[in-house]
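# Coordinate inspection notes
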Amino acid sequence: MYHVPMIALNLTKITSFISRSKPATSLLLSNSRASCRVCSVVGVRTRIRYMSSQPKRLCTESMSAKKIGTHNGTFHCDEVLACFFLRQLPEYKDAEIIRTRDPALLAKCDIVVDVGGEFDPKRHRYDHHQRTFSESFHSLCPEKPWVTKLSSAGLVYLHFGRQVLAQLTELKEGDRQLEVLYDKLYENLVEEVDGVDNGISQCDGEARYAVSTTLSSRVGHLNPRWNSKNQDTEDGFKKAVAMVGEEFLDRLDYYRTSWLPAREVVEGAVQKRHEVDPSGEVLVFSQGGCPWKEHLFALEKELQVKTPIKFVLYPDQNGQWRVQCVPAGLNTFQNRLSLLEEWRGVRDEALSELSGIKGCIFVHAGGFIGGNQTQEGALEMACRTLRAAAQPPANGSS
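All of the points below concern the structure found in this document. (Residues numbered from 1 in each chain as written. Predicted model: local features only at pLDDT ≥ 70, side-chain atom pairs only at ≥ 80, totals over all residues. Heavy atoms only, no water.)

## Quick notes on the layout of surface pockets
Convention followed: Cavities and pockets were defined on a 1 Å grid built over protein atoms only: a cavity is a set of grid points that admits a 1.4 Å probe from which the probe cannot escape, a pocket is an open set flanked by protein on both sides within 12 Å along at least five of seven lines, and lining residues are those with an atom within 4 Å of any such point. Grid points are joined across faces, edges and corners, and a volume is the space filled by probe spheres set on the points. Counting from the N terminus, the helices are DSSP H or I runs at least four residues long and the strands are E runs at least two residues long. In the scheme used here, Gly and all other residues not listed as nonpolar or charged are polar, with Ala, Val, Leu, Ile, Met, Phe, Trp, Tyr, Cys and Pro taken as nonpolar and Asp, Glu, Lys and Arg as charged.
Estimates place the volume of the largest pocket at around 700 Å³. If you go around the largest pocket, you meet 18 residues; those closest to its centre are Val196, Ser201, Gln202, Val211 and Thr214. Of the pockets and cavities examined, the second largest pocket occupies roughly 420 Å³. Of all the secondary structure elements, the ones that give two or more residues to the lining of the second largest pocket are helix H6 (176–197), helix H8 (234–271) and helix H10 (293–302). No other element matches the 6 residues that H10 contributes to the lining of the second largest pocket. Each residue belonging to the lining of the second largest pocket can be placed in one class, and the counts come to 7 nonpolar, 1 polar and 8 charged.

And the structure:
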């Protein structure tokens, strides 16, 4: 349905090359003169070169190469991910990563992330540790809703993310699908990194259980252990760059080849809903398994659907049909309208006899889903429920 470059294969080459490389402090990656919001992008590199270790002496053969600055010592997911994003850009694809806190060395870098105490996009300085920094995606781009304080990953993604995605997906900047991907990858990956790095809790109060397998935690585990004799962080940093890159590309591939096509399916069903039933409150998907809920809520707002959709119909793996209630929200088990109460927990012939609808299979005791042997039967179950809901109570009270 969509063509996605086989970028992940390049990461295998990167990892293989890293395993054969000598330990070093400076990691050659990518570069160019990038504007804060406008840059073209290139695919993932298949070649990484390393420079000498401490103190970071500049190699004469690469004097003309661009330089990305970040801090040395213990590394974190935010600057690792920021460096991965930057090396996708043609201007930075052959850049040397200078890991240091020396202001004199940072001053010679073309772009600096997560160190230096400055946020100045015009000079390509993207630190977030200074007391005066409180920027979020929303504060810098008011049309976006996210208010989590940005880390270096979020800052670089905000300014360069569209260009990175344009290259990796072959979509053009300004394309509606690219903007959807841009938002989705921030909301479902980069924002998490921002929140973790800035110490922002997901919720108020103590969590019921610990989540220890986040991307940020996996990056953290690549640092030397406190009691290890070897405290050099360079090898772990290289592994971290490859790991976050692989995860980002895998997430992008899912959203591009599975999640985004599902949006088109849902949008098409929304557009044709009045052909299914005049009420416009029932959708039909020709194929089951489509992740529809998130898309439906977004599209109802985008397409200004006046009457909320109540049911979706789709075939199951056995060729039978399901009628599923639309929930009241993404994170609730409440339904906009549940299937009739008297049908719940009844099955097969008993349900067909009770409802007067042929081919009934079941209605869940919770009333959120039912089954019928045919599409027509599933539709009738939905429509019968809609008509019952539209009737005034028998005693005439509201």
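## Digging into the pairing of strand S9 (residues 311–315)
As a reminder, the rule being used: When accessible area is computed with a 1.4 Å probe and restricted to protein chains, residues below 20% of their type maximum are described as buried, those above 50% as exposed, and intermediate ones as partly exposed. Between any two strands, at least two bridges found by DSSP are needed for them to pair. Orient the strands so they point away from the viewer, and a crossover whose first-strand-to-second-strand path over the helix runs clockwise is right-handed.
Across the 5 residues that make up S9, a large majority, 5, are buried. By the bridge criterion, 3 bridges tie strand S8 (residues 282–284) to S9 in an arrangement that is parallel. Paired with Val282 across the bridge in S9 is Phe311. The parallel pair S8 and S9 is bridged by H10, and the resulting crossover is right-handed. In this sheet, strand S10 (residues 321–325) lies alongside S9 in antiparallel orientation, the contact comprising 5 bridges. Looking at S10, one finds that Val312 is bridged to Gln324. Taking the residues between adjacent antiparallel strands as the criterion, S9 and S10 are bridged by 5 residues, where Gly319 takes a positive phi near 85 degrees.

## Quick notes on the side chain of Glu191
Which entries qualify depends on this criterion: Should any heavy atoms of two residues lie within 4.5 Å, those residues are counted as being in contact.
Secondary-structure assignment places Glu191 in helix H6. The residues touching Glu191, leaving out its near neighbours within four places in the chain, are Trp146, Thr148 and Tyr186.

## Comments concerning the pairing of strand S12 (residues 369–372)
Successive side chains on a regular strand alternate, one facing one side of the sheet and the next facing the other. Of the two faces of S12, both are covered, the one formed by Ile369 and Gly371 as well as the one formed by Gly370 and Asn372. In this sheet, S12 lies alongside S10 in antiparallel orientation, the contact comprising 4 bridges. Its bridge partner being in S12, Gln324 is matched across the sheet by Ile369. Relative to S12, strand S11 (residues 360–363) is paired through 3 bridges, and the arrangement is antiparallel. The partner of Phe362 across the bridge, within S12, is Gly371. Counting the residues that bridge the hairpin from S11 to S12 gives 5 residues, and of these Gly367 lies at a positive phi of roughly 75 degrees.

## With respect to the packing of aromatic side chains
Rules: Any pair of Phe, Tyr and Trp rings, taking the six-membered ring for Trp, is counted once the centres come within 6.5 Å. Such a pair is stacked with planes under 30 degrees apart, edge-to-face with planes over 60 apart, and tilted for the rest.
By the definition in use, this model includes 16 aromatic pairs. Aromatic side chains Tyr126 and Phe160 sit 6.0 Å apart centroid to centroid with 75 degrees between the ring planes, which places their arrangement in the edge-to-face category. Here the residue Tyr126 occupies a position in strand S7 (residues 125–126), and Phe160 occupies one in helix H5 (residues 152–169), the gap between them amounting to 34 residues. With a relative accessible area of 0%, Tyr126 lands in the buried category. In this structure Phe160 comes out as buried when scored by relative accessible area, which is 0%. Ring geometry for Phe137 against Tyr186: centres 4.5 Å apart, planes inclined by 55 degrees, an arrangement best described as tilted.

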